[in-house]
Amino acid sequence: MLNNLNTVVGLEVLWYPDAARHWREGDFIGRKCVAGVVKFVGKVAGREGTWAGVRLEKPEGKHSGLYRGVQYFSCTRNHGIFTETHKLVKICRPRRSRDG
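This structure is a prediction, so every number in the text was calculated from the model and none was measured.

S.K.: It is not clear to me how the packing of aromatic side chains should be interpreted in this structure. Could you clarify?
M.R.: In this description, a pair of aromatic rings is defined by centroid distance and the angle of the planes. The tally for this structure, following the rule as stated, stands at 5 aromatic pairs. Relative to Phe-82, the ring of Tyr-72 lies with its centre 5.3 Å away and its plane at 80°, an arrangement referred to as edge-to-face. A residue pair is termed long-range when its members are at least 10 positions apart, and Tyr-72 in the loop between strand S5 (70-71) and strand S6 (80-84) and Phe-82 in strand S6 qualify at 10 residues. Like Tyr-72, the residue Phe-82 is buried in the burial classification. Taken together, the ring pairs connect Phe-40, Tyr-67, Tyr-72, Phe-73 and Phe-82 into an aromatic cluster.

Below is the structure:
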């Protein structure tokens, strides 16, 4: 689970649309998840709090980064979502060696 302090643009994440607001170690977080990249973090018109705009790898989103007439980020149609940060989990990938 991410909080607003460590959600940054460019971060690779998994989106769990059915995630609970507060997770604890060992909690079941659901089977459905979609990989994506954070493209926007901030305030969104008509919504309270801080939101993350995510470009998903699969067309399981609702839009292209446009919300209520404001283009917050750009991506292919149906690849974009706005979500609360507690529904995102950072993807950890192995580091590439400098030799490689």
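S.K.: Is there a simple way to think about the pairing of strand S2 (residues 34-42) in this case?
M.R.: Successive side chains on a regular strand alternate, one facing one side of the sheet and the next facing the other. Of all 9 residues that make up S2, 7 are buried, and the element is covered over most of its length. As paired elements, strand S1 (residues 12-15) and S2 share 4 bridges and run antiparallel to each other. Looking at S2, one finds that Val-13 is bridged to Gly-36. Looking at chain direction, S2 and strand S3 (residues 51-56) are connected through 6 bridges and run antiparallel. Bridged to Phe-40 within S3 is Gly-53.

Parameters and conventions
Residues numbered from 1 in each chain as written. Predicted model: local features only at pLDDT ≥ 70, side-chain atom pairs only at ≥ 80, totals over all residues. Heavy atoms only, no water. Phe/Tyr/Trp six-rings, centres within 6.5 Å; stacked < 30°, edge-to-face > 60°. Helix = DSSP H or I, 4+ residues; strand = E, 2+ residues; numbered from the N terminus. Buried < 20%, exposed > 50% of the residue type's maximum accessible area, 1.4 Å probe, protein only. Pairing = 2+ DSSP bridges.

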